[in-house]
Number of protein chains: 2
Amino acid sequence: MDIGTLLEGELDQAVSRAASEACPPKLADALRYAVFPGGARIRPRLVLAVANACGNRNPTAAVASAAAIELLHCASLVHDDLPCFDNSALRRGKPSVHAAYGERLAVLSGDALIVLAFEWLAVRAGERLAPLTRIIASCVGGPSGICAGQAWECESEIDIVRYQRAKTGALFAACTMAGAASSGYEPLGWQKLGFAIGEAFQVADDLRDVAGSAEKLGKPVHQDEANQRPNFVAELGFDGAMGHFEDLLAEAMAAIPPCPGQEQLGQQITGVSRSLVSGLSSRTAAA
Amino acid sequence: MDIGTLLEGELDQAVSRAASEACPPKLADALRYAVFPGGARIRPRLVLAVANACGNRNPTAAVASAAAIELLHCASLVHDDLPCFDNSALRRGKPSVHAAYGERLAVLSGDALIVLAFEWLAVRAGERLAPLTRIIASCVGGPSGICAGQAWECESEIDIVRYQRAKTGALFAACTMAGAASSGYEPLGWQKLGFAIGEAFQVADDLRDVAGSAEKLGKPVHQDEANQRPNFVAELGFDGAMGHFEDLLAEAMAAIPPCPGQEQLGQQITGVSRSLVSGLSSRTAAA
C-alpha cells in the first residue's frame, strides 16, 4: 500500500471513532471537514519516513503516531483560524471551520481532535504508548509546544527563536522523535533534526506568505504583515531568507542520526522541503 | 495525608510541568489561574472514593487519573465560559479566564490543559495507562463525551437525555470507571453509577441555577433561562426537580457494583450530593 493511502485510511479510522453515528451531526461533519481533504500531510509523512529509516519495527505504532500528530496539526489550524487569532476565512482552499460551521463548533472540533489524537494512540500504540504520548504531548502543550508558541504572540516581548521553535519546530520534532521511538530508537537524538526541519519549513512558510499566491496555497498570503508577526523575509530580504532556508536544510542533513536508511531519509527531506519554495523568487515577492 | 492535600499536590505537580519557567509567562499564569483555587474538586474526589472502595491497589494511577479528570474539567470550564458559548465573566468567584487574560489565552490554556491531562497520565499511570487513557478520552471527546455534549447545543433538535449524559454524565462516568480501573476492576460495570451521579448533579446544578445565589456559587445564576437551555426546574417545577434528584440518588446507590467499600462509598456519594442542594427551597427559587 502506498504511504498516502495508508495514512488517509488510518486518519479515516481515527476520525470515524469520534464522528460516529452517536455524535451530534454538525460536530461529526466539522471533524471530518477539518481533517479531509488534507494538505500535503507533510508531518505524518515525516513520521513514517523516519520510522522506515529506523527499520520500521512497529508499523502500527508508527502510523498511529503519524495520525495522532496530523490530528493535532489539524486541531491547531482550526483554533489558529478563529476570529480571536488569525480570523482567517480560508484554509486549504475552502472556508475555514469557523467560517463553515461557526465559532462554537470550531472550538469544539479542535478540542475533540486533541482528545482523539491521544485516544487513538491509546487504542493503537500498544507497548509504545507511554513514550509516544509523552513525546507528542510535550510538543503540543506547555511549556514549549504549539500552545506555548501561539501564546508567545500574546507577550509584549518575544524571543523569536523560542517562539518559532515552539510554534512550528516542536511538532516537527514530535515527528522525528515519534518516528524513531516507534522503532525503539532513543528519541532525544532525533530532536535536533526535527527542529532544523521545522525552522526550514518556517522560513519556507514565510517565503510563501510573502512571495506565494493564495490560489496555489489555498490560504491567504501577506498574513504576517497584516497580523504584525515576525517574518524572515521582512528581516533578511528575499535572497537572505532563501539562503537561510538552504543553510537550515544543510543543518538538517547533518543532524540525521545513524540509522539503516540515513541516506534515503536525507533525500526525502530535501526533496519535500525544496518543493515548498519552488517557483518563488524575488520577482513573485514584489508582485 | 488527607485527600484534599493529596489532590492539590498532584494538580500542582501536573500544572508545574506545563507552566514551568520555559512557558510564556501569561500562559503559565492563565494555566495556574484556571486550576487554582479549585471548586469542590468533586470529580477527582469521586475517582479516589471509588478507587478506595475497590481496594486502591494502584494509588499512583488513581490520583493521576483524578488529576487528569480535574484538568479536563477545568479546560471545559475555560472554553465553556468563552464569549461564543456562555460568555460568562465570572467563575469560582473570580473573573473567568477570558475575562482575566483575554480570549486567545483562554483558548490556548484550555487546549494546553487537555494536552496536559493526557501527558500527566503517560507520566504517572504506568501499566494502567492504556485503559485509563481510553476511558477518560471517550468521556471528553466525540461521539459522546463533553465536547459532544456541548455540540448538541449547536443542533436544532436536542435529545435531552443524550445531551445531559454527554455534557455532564460522561465525565462522572469517567470518574467511576477510572477509579475502578486504576484498581484493576472491569470499568464498564461502573459506568451506570457514574451516569446516575452525573444526572443527579445535573439536576442539582439546575436547582442551584434557579434557586441558588451567585455569591454562594461563585458564578452567575439564572443562566439556563438567559441562554435558553433546558432546565429540570423549568420542566418539573422545584419540588418535582427535587424529587427527581432523590430518585437519581437512590438509582446511584443501587448501581454501586460489589466491592470491599461498597457501603462507605454509598454514604460518601449521598453526603456530597445532598450538600449541593442544602438550603435551596421553592422560596429561594421564587426570590
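Residues numbered from 1 in each chain as written. Chains lettered and ligands numbered in written order. Predicted model: local features only at pLDDT ≥ 70, side-chain atom pairs only at ≥ 80, totals over all residues.

Topic: the overall build of chain A
For chain A, the helix and strand inventory stands at 15 helices and 2 strands. In terms of overall size, chain A behaves like a compact globule, its C-alpha atoms giving a radius of gyration of 18 Å where 287 residues would be expected to give roughly 19 Å. C-alpha atoms of chain A, sized along the principal axes, occupy 50 × 50 × 35 Å. A total of 287 residues make up chain A; the buried ones form 55% of that total. A fraction of 69% describes how many contacts in chain A between residues 6 or more apart in sequence connect residues 24 or more apart. (Helix = DSSP H or I, 4+ residues; strand = E, 2+ residues; numbered from the N terminus. Rg over C-alpha atoms; globule rule 2.2 N^0.38 Å. Buried ≥ 20, exposed ≤ 12 C-beta atoms within 10 Å, placed from the backbone. Contact = placed C-beta atoms within 7 Å.)

Some details on helix α6 (residues 103–124) of chain A
Residues and elements named next belong to chain A. Here α6 contains 22 residues, and its C-alpha end-to-end distance of 31 Å stays within 8% of the 32 Å for a straight helix at 1.5 Å per residue. The buried count for α6 comes to 20 of 22 residues, which makes it a mostly enclosed element. Remark: glycine 126 follows α6 within two positions and exhibits a positive phi of approximately 55 degrees. (Expected span 1.5 Å × (residues − 1).)

Here's the deal with the relation of the copies chain A and chain B
What connects the two chain copies is a rotation about an axis and a shift along it. Overlaying chain A with chain B gives an RMSD of 0.0 Å, the required rotation being 180 degrees about an axis along which the chain moves by 0.0 Å. When the rotation and shift are considered jointly, the pair of chain copies conforms to a two-fold rotation axis. (Least-squares fit on C-alpha atoms with pLDDT ≥ 70 in both.)

Observations regarding unusual backbone geometry
For the peptide bond that leads from A:Phe36 to A:Pro37, omega is -15 degrees, which places it in the cis range. With an omega dihedral of 5 degrees, the bond running from B:Gly142 to B:Pro143 counts as a cis peptide bond. As for its placement among the helices and strands, B:Pro143 is situated in the loop between α7 (129–140) and α8 (146–152). Of note, the phi angle at B:Asn56 is positive, near 45 degrees, even though the residue is not glycine. One can find B:Asn56 in the loop between α3 (42–53) and α4 (59–80). Assessed through the 18 C-beta atoms surrounding it within 10 Å, B:Asn56 is described here as partly exposed. Residue B:Arg92 is not a glycine yet carries a positive backbone phi of 50 degrees.

Let's talk about the interface of chain A and chain B
Interfaces are often described in size by the accessible area the parts lose on coming together. On the side of chain B, 48 residues touch chain A, which itself brings 48 residues to the contact. Elements with a minimum of two residues in the side of chain A that touches chain B: α2 (25–35), α6, α7 (129–140) and α8 (146–152) of chain A. Broken down by element, the residue count for the side of chain A that touches chain B peaks at 14 residues, all from α6(A).

Concerning α3(B)
Residue and element names in this part refer to chain B. Between its terminal C-alpha atoms α3 stretches 16 Å, which fits the 16 Å expected from 12 residues at 1.5 Å a residue. Of all 12 residues making up α3, 10 are buried, and the element is well covered by its neighbours. On its buried face, α3 sits against α1 (3–18), α4, α9 (160–182) and α14 (262–277).

A closer look at the packing of α9(B) against helix α10 (residues 191–211) of chain B
All names here are of chain B. Running from amino to carboxyl end, α9 crosses α10 at an angle of 130 degrees, the nearest separation of the two axes being 7 Å. Taken together, the axis directions place α9 and α10 in an arrangement best described as oblique. Relative to α10, the crossing made by α9 is right-handed. The residues of α10 that touch α9, namely those facing Gln164, Arg165, Thr168, Gly169, Phe172, Ala173, Ala174, Cys175, Thr176 and Met177, are Gln191, Leu193, Gly194, Phe195, Ile197, Gly198, Glu199, Phe201 and Gln202. (Axes fitted to C-alpha atoms, helices over the stretch in contact; angles between N-to-C directions. Parallel < 35°, antiparallel > 145°, perpendicular 65-115°, else oblique. Left-handed = near helix turned anticlockwise from the far one by under 90°.)

Some words on the environment of A:Gln264
Within the secondary structure, A:Gln264 is located in helix α14 (residues 262–277). In this structure A:Gln264 comes out as exposed when scored by C-beta crowding, with 12 C-beta atoms within 10 Å.

Quick look at the environment of B:Cys74
Residues and elements named next belong to chain B. Counting through the fold element by element, cysteine 74 comes out in helix α4. Taking the number of C-beta atoms within 10 Å as the measure of exposure, cysteine 74 has 28 and is therefore buried. Once the C-alpha coordinates of cysteine 74 and isoleucine 114 are considered, the two residues, 40 residues apart in sequence, prove to be 9.0 Å apart. Every residue in contact with cysteine 74, bar those within four places of it in the chain, is listed here: Ala34, Val35 and Leu113.

What about the packing of α3(B) against α9(B)?
Residue and element names in this part refer to chain B. At their nearest, the axes of α3 and α9 sit 7 Å apart, and the two run at 35 degrees to each other. As for how α3 packs across α9, the hand of that crossing is right-handed. In contact with Arg43, Leu46, Val47, Leu48, Val50 and Ala51 of α3, α9 contributes Leu171, Phe172, Cys175, Thr176, Ala178, Gly179, Ala180 and Ser182. Residue classes in the contact of α3 with α9 are distributed as 10 nonpolar, 3 polar and 1 charged. (Nonpolar A, V, L, I, M, F, W, Y, C, P; charged D, E, K, R; others polar.)

Re the confidence of the model for chain A
For chain A, mean pLDDT is 94; residues scoring 70 or higher make up 99% of the total. Here the predicted complex scores 0.95 on pTM and 0.95 on ipTM. (pLDDT = per-residue confidence, 0-100.)

A word on the environment of A:Met253
Residue and element names in this part refer to chain A. Mapped onto the secondary structure, methionine 253 falls in helix α13 (residues 232–255). What makes methionine 253 partly exposed here is the crowd of 17 C-beta atoms within 10 Å. With 16 residues separating them in the primary sequence, methionine 253 and isoleucine 269 have C-alpha atoms 8.3 Å apart.

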